[in-house]
Structures are given as structure tokens and as C-alpha cells.
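Inside the fold
For reference, the chains in residue letters:
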Amino acid sequence: MNDLKDQFKYLVAGYYGMFLVDEYPLKEFVIRDIKEYIENFIQVNPIDNYDYKKEALIIKDETTDRVKLQDLLLVLHKIGADLEVELVVKEKLRKLGRKDYL
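Let me begin by describing the structure that accompanies this report. (Residues numbered from 1 in each chain as written. Predicted model: local features only at pLDDT ≥ 70, side-chain atom pairs only at ≥ 80, totals over all residues. Heavy atoms only, no water.)

1. Comments concerning the overall build of the chain
Defined as follows: Segments assigned H or I by DSSP are reported as helices when at least four residues long, segments assigned E as strands when at least two residues long, and all are numbered from the N terminus. Based on C-alpha atoms, the radius of gyration is set beside the globule rule, defined as 2.2 Å times the residue count to the power 0.38. Using a 1.4 Å probe on the protein chains alone, a residue whose accessible area is under 20% of its type maximum counts as buried, one over 50% counts as exposed, and one in between counts as partly exposed. Under this rule, positive means Lys or Arg and negative means Asp or Glu; His and the chain ends count for nothing. By convention, the charge on Lys lies at NZ, on Arg at CZ, on Asp at CG and on Glu at CD.
From N to C terminus, the chain includes 5 helices and 0 strands. In the chain, the order of α-helices and β-strands from amino to carboxyl end is α-α-α-α-α. Relative to the 2.2 N^0.38 estimate, which gives 13 Å for 102 residues, the radius of gyration of the chain is 14 Å and therefore close to what a compact globule would have. When the backbone C-alpha atoms are referred to their principal axes, the chain occupies close to 45 × 30 × 20 Å. In the chain, buried positions account for 34% of the 102 residues. On the chain, the mean spot of the 17 positive side-chain charges and the mean spot of the 20 negative ones are 4 Å from each other.

Below is the structure:
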């Protein structure tokens, strides 16, 4: 059960991570694909007494941008996204890493 909750959490964090990737011109399409993947995940793997919307809002508000982008890389792999978007996300993470140490 916790495994399903953890999967849901990284899917949602990745979803919100994609909103941070303004450098990718087709981000709206990737966001749509991730949203559909999450909706399908919920249908296939229902969790009793679990408030998905509440948890999604908590994840959105309390997860750092770095974690959202790292989770996004996992999600992009799951949905079969283009390598181009993965490279953009990795570059964004590199830049974010430099800011952490300046």
C-alpha cells in the first residue's frame, strides 16, 4: 500500500516539476501526458480512504523544486517522453545545483 502511495507522490511531484520547465516549447503536451498517466494510475491502482487531491496539494506546496525535477525525470521515462525534454530537465537541475552552492 505504501508503495502505491510513494508512486503516486513521485508522479505528482514530477507533474508539478514539468511546470517549472519553461525552456521546453512543448511542455503543455508533456503535462497533458503526465496528467493522463496519473489518472490511469489511479484507476488501475485505487487506494482506499486516500484523498488524492489533498495529497497532491501537499506535494505541490511542500516539495522542493529540485525534488520535483528529479521526480520528473522518473516520470518522463515512464511516459516515454522524448530525450530532448529529459536533457532540458537535466540542464535545469545542473543550473539549480550551481545556485545551491553559490
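What follows picks up the thread again.
2. Thoughts on the layout of surface pockets
Heads up, the condition is: Residues are said to line a cavity or pocket when one of their atoms sits within 4 Å of a point; the points come from a 1 Å grid over protein atoms alone, cavities being sets where a 1.4 Å probe fits but cannot get out and pockets being open sets with protein on both sides within 12 Å along at least five of seven lines. Grid points are joined across faces, edges and corners, and a volume is the space filled by probe spheres set on the points. When residue character is reported, Ala, Val, Leu, Ile, Met, Phe, Trp, Tyr, Cys and Pro are called nonpolar, Asp, Glu, Lys and Arg charged, and the others, Gly included, polar.
Taken as a whole, the largest pocket spans an internal volume of roughly 260 Å³. Lining the largest pocket we find Phe8, Val12, Tyr15, Tyr16, Lys35, Ile38, Glu39, Ile42, Tyr52, Lys53, Ala56 and Leu57. Going through the elements one at a time, α1 (2-18), α2 (27-44) and α3 (52-62) are the ones with two or more residues in the lining of the largest pocket. For the lining of the largest pocket, a count of residues per class yields 9 nonpolar, no polar and 3 charged.

3. What to know about the nonpolar core
What counts is decided by this rule: The definition of a nonpolar core used throughout is a set of buried Ala, Val, Leu, Ile, Met, Phe, Trp, Tyr and Cys residues joined through side-chain atoms within 4.5 Å. Two residues qualify as a contact provided that any one of their heavy atoms is within 4.5 Å of a heavy atom in the partner residue.
Core analysis: the biggest nonpolar cluster contains 28 residues, and Met18, Val21, Ile34 and Leu72 have the highest contact counts within it. Breaking this core down by element, the ones donating at least two residues are α1, α2, α3, α4 (65-79) and α5 (83-101). Counting residues per element, this core draws most heavily on α1, which supplies 8 residues. Excluding its chain neighbours within four sequence positions, the residues that come into contact with Met18 are Tyr24, Lys27, Val30, Ile31, Ile34, Leu72 and Val85.

4. Things to note about α3
Here is the rule: Our arc is simply the arc of the directions from the helix axis toward the C-beta atoms.
Among all positions in α3, only Tyr52, Ala56 and Ile59 are buried. Down the axis of α3, the smallest arc covering the buried residues is 65°, so these residues share one side. Exposed side of α3, more than 90 degrees from the buried face: Lys53, Asp61 and Glu62 are the residues found there. Contacts from the buried residues of α3 go to α1, α2 and α4.

5. Considerations on the side chain of Glu86
Looking at the element boundaries, Glu86 is found in helix α5. When sequence neighbours within four positions are dropped, the list of residues in contact with Glu86 reads Leu73, Leu76, His77 and Ala81.

6. Regarding the pattern of salt bridges
Filter applied, for reference: When a carboxyl oxygen of Asp or Glu is within 4 Å of a side-chain nitrogen of Lys or Arg, the pair counts as a salt bridge.
In total, this model carries 5 salt bridges according to the counting rule given. Lys92 is the salt-bridge partner of Glu23, the closest N and O atoms lying 3.1 Å from each other. Placement of Glu23 in the loop between α1 and α2 and of Lys92 in helix α5 is noted, with a sequence separation of 69 residues between them. Judged by relative accessible area, Lys92 falls into the partly exposed class, the value being 22%. Salt-bridge contacts for Asp33 lead to Arg32; the nearest nitrogen and oxygen are separated by 3.1 Å. Residue class for Asp33 comes out partly exposed when judged on its relative accessible area of 32%. Through salt bridges that share partners, Arg32, Asp33 and Glu36 make up one connected network.

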